[in-house]
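Descriptive structure summary
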Amino acid sequence: MRDITIKICGLSTEETMRTALDEGVDMVGLVFFPKSPRHVSLSAAAHLADMARGKAEIVALTVNMDLDGLSRIKELVRPDWFQLHGSEPVEAIAAIKVMHQVKIMKALAISELADLEQAHMYGAVADRILFDAKPPSGSELPGGNGVSFDWTLLKDLDLAKPFMLSGGLTTENVSEAIEQSGAAAIDVSSGVEREKGVKDSDLIRRFVAAARGVTVAGE
């Protein structure tokens, strides 16, 4: 069995949150971005976070959110992490980290080797870097688009901070993605959905098993 950190992002129902926790995932992500089909209200997120507290790390995903919005999330949801998935500058991330005393995961869009240069800059202030694929042309979503990038770009990457692999991961390709990238941590959203924004408990179970290198009975 692989020792891999697994994050399920965009959870929005009690059933799928319970499934993720029962499968022992390490991180659960709650999305605060109204344009996303995975967006949750503060009250719903607070309830889901309470389900997860003490069982998995709680990640609040935001996109270029102002300080007041982050403060409300911190107060009501009490996440362990802010995942910043927009164009937040380094200086803003440093300020958010000091103000809210939470860990910061900075998402970066990748399509070629030159895109990795920004990771060293953000690594100076973020606690973890999340590498995601660049969104398709015309997409309003910075992530969760079901597209991937060349995973070999991350092989032997020398970063001061740990990184997480995201973008287009599915039950069918996650094992290959881990091998090609050398990632010790992975993040999935659309890859465990039966339709856009709707997580599927069976797909969550199968994805976690595939990521860990476990054969599912009957397959």
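Everything here concerns the structure above.
Read on for an overview of the structure. (Residues numbered from 1 in each chain as written. Predicted model: local features only at pLDDT ≥ 70, side-chain atom pairs only at ≥ 80, totals over all residues. Heavy atoms only, no water.)

Brief notes about the overall build of the protein chain
Worth spelling out the cut-off: Numbering of helices and strands starts at the N terminus; helices are DSSP runs of H or I of at least 4 residues and strands are runs of E of at least 2. Between the two quantities, the radius of gyration covers C-alpha atoms and the globule rule is 2.2 Å times the number of residues to the power 0.38. Per-residue accessibility, obtained with a 1.4 Å probe over protein chains only, is compared with the maximum for each type, and a residue is labelled buried under 20%, exposed over 50%, and partly exposed between these values.
Of the regular secondary structure elements, the protein chain holds seven helices and 10 strands. Taking 17 Å as the expected radius of gyration for a compact globule of 219 residues, we find that the protein chain reaches 16 Å, a close match to that expectation. If one aligns the C-alpha atoms of the protein chain with their principal axes, the spans along those axes are about 50 × 40 × 35 Å. Burial status across the protein chain gives 51% buried among its 219 residues.

Quick notes on unusual backbone geometry
The residue asparagine 64 is not glycine, and still its phi comes out positive at about 50 degrees. Relative to the helices and strands, asparagine 64 is located in the loop between strand S3 (57–62) and helix H3 (67–76). Despite not being glycine, aspartate 156 shows a phi value in the positive range, around 65 degrees. Tracing the backbone through its elements, the reader meets aspartate 156 in the loop between strand S6 (128–133) and strand S7 (163–165). Judged by its relative accessible area of 73%, aspartate 156 falls in the exposed class.

What to know about the packing of H3 against helix H4 (residues 90–100)
Heads up, the condition is: Between N-to-C directions, angles span 0 to 180 degrees; the directions come from axes that are lines fitted to C-alpha atoms, helices contributing only their stretch in contact. A crossing counts as left-handed when the near helix is turned anticlockwise from the far one by less than a right angle, and as right-handed when that turn is clockwise. Any two residues whose heavy atoms approach within 4.5 Å at even a single point are treated as in contact. Ten residue types, Ala, Val, Leu, Ile, Met, Phe, Trp, Tyr, Cys and Pro, are classed as nonpolar, four, Asp, Glu, Lys and Arg, as charged, and the remainder, Gly among them, as polar.
Packing of H3 against H4 brings their axes to within 11 Å, and their N-to-C directions diverge by 35 degrees. At the point where H3 passes H4, the crossing takes the right-handed sense. For the pair H3 and H4, contact is made by Leu67, Leu70, Ser71 and Lys74 and by Ile96, Met99 and His100, respectively. Taken together, the residues that form the contact of H3 with H4 break down as four nonpolar, two polar and one charged.

Here's the deal with the side chain of lysine 7
We apply this condition: Here a polar contact means two N or O atoms within 3.5 Å. Within protein one must be a hydrogen donor candidate and the other an acceptor candidate, and residues neighboring in sequence count only if both atoms are side-chain atoms.
By the element assignment, lysine 7 lies in strand S1 (residues 5–8). A polar side-chain atom of lysine 7 sits 2.8 Å from a polar atom in the side chain of aspartate 187.

Points about the packing of aromatic side chains
This is how the line gets drawn: For Phe, Tyr and Trp, rings pair up if their centres lie within 6.5 Å, where Trp contributes its six-membered ring, and each pair is then called stacked (planes under 30 degrees apart), edge-to-face (over 60) or tilted (otherwise). Comment: the charge-over-ring label is applied if NZ (Lys) or CZ (Arg) is within 6 Å of the ring centre and within 35 degrees of the ring normal.
Counting across every chain of the model gives one aromatic pair. A cation over a ring is seen here: lysine 106 above tyrosine 122, with NZ or CZ 5.2 Å from the ring centre.

Section: the nonpolar core
Inside soluble globular proteins, nonpolar side chains tend to come together where they are buried. Test applied: Nonpolar core, defined: a set of buried Ala, Val, Leu, Ile, Met, Phe, Trp, Tyr and Cys residues in which side-chain atoms within 4.5 Å join the residues together.
Within the largest apolar cluster, 60 residues are counted, with the highest numbers of intra-cluster contacts made by Val28, Leu30, Phe131 and Ile186. Those residues in contact with leucine 30, other than ones at most four positions away along the chain, are Leu11, Met17, Val40, Ala45, Leu48, Ala49, Ile58, Val59, Ala60, Leu61 and Val77. Counting residues in hydrophobic clusters, the runner-up holds eight residues, among them Met27, Val59, Trp81 and Ala107.

As for the side chain of glutamine 83
Tracing the backbone shows glutamine 83 in strand S4 (residues 81–84). Residue classification places glutamine 83 among the buried residues on the basis of a relative accessible area of 1%. In this structure the side chain of glutamine 83 is engaged in a polar contact, spanning 2.8 Å, whose partner is the side chain of lysine 7. Residues contacting glutamine 83, with those up to four places away along its chain left out, are Lys7, Val59, Ala60, Leu61, Thr62, Met105 and Leu130.

Some remarks on helix H7 (residues 201–212)
For an α-helix the count is 3.6 residues per turn, leaving residues at separations of three or four pointing the same way. This is how the line gets drawn: Expected helix span is taken as 1.5 Å per residue step, with the number of steps being one fewer than the number of residues.
Here H7 spans 17 Å end to end across 12 residues, near enough to the 16 Å set by a 1.5 Å rise per residue. Listed as buried for H7 are Ser201, Ile204, Phe207, Val208, Ala209, Ala210, Ala211 and Arg212. For H7, the elements touching its buried residues are S1, helix H1 (14–22), helix H6 (174–181), strand S8 (185–188) and strand S10 (198–199). Put simply, aspartate 200 is the residue that caps the front of H7, since its side-chain oxygen is 3.0 Å from the backbone nitrogen of aspartate 202. Phi turns positive, to about 80 degrees, at glycine 213, one or two residues after H7.

Such coordinate-based values are descriptive only and should not be taken to indicate function.
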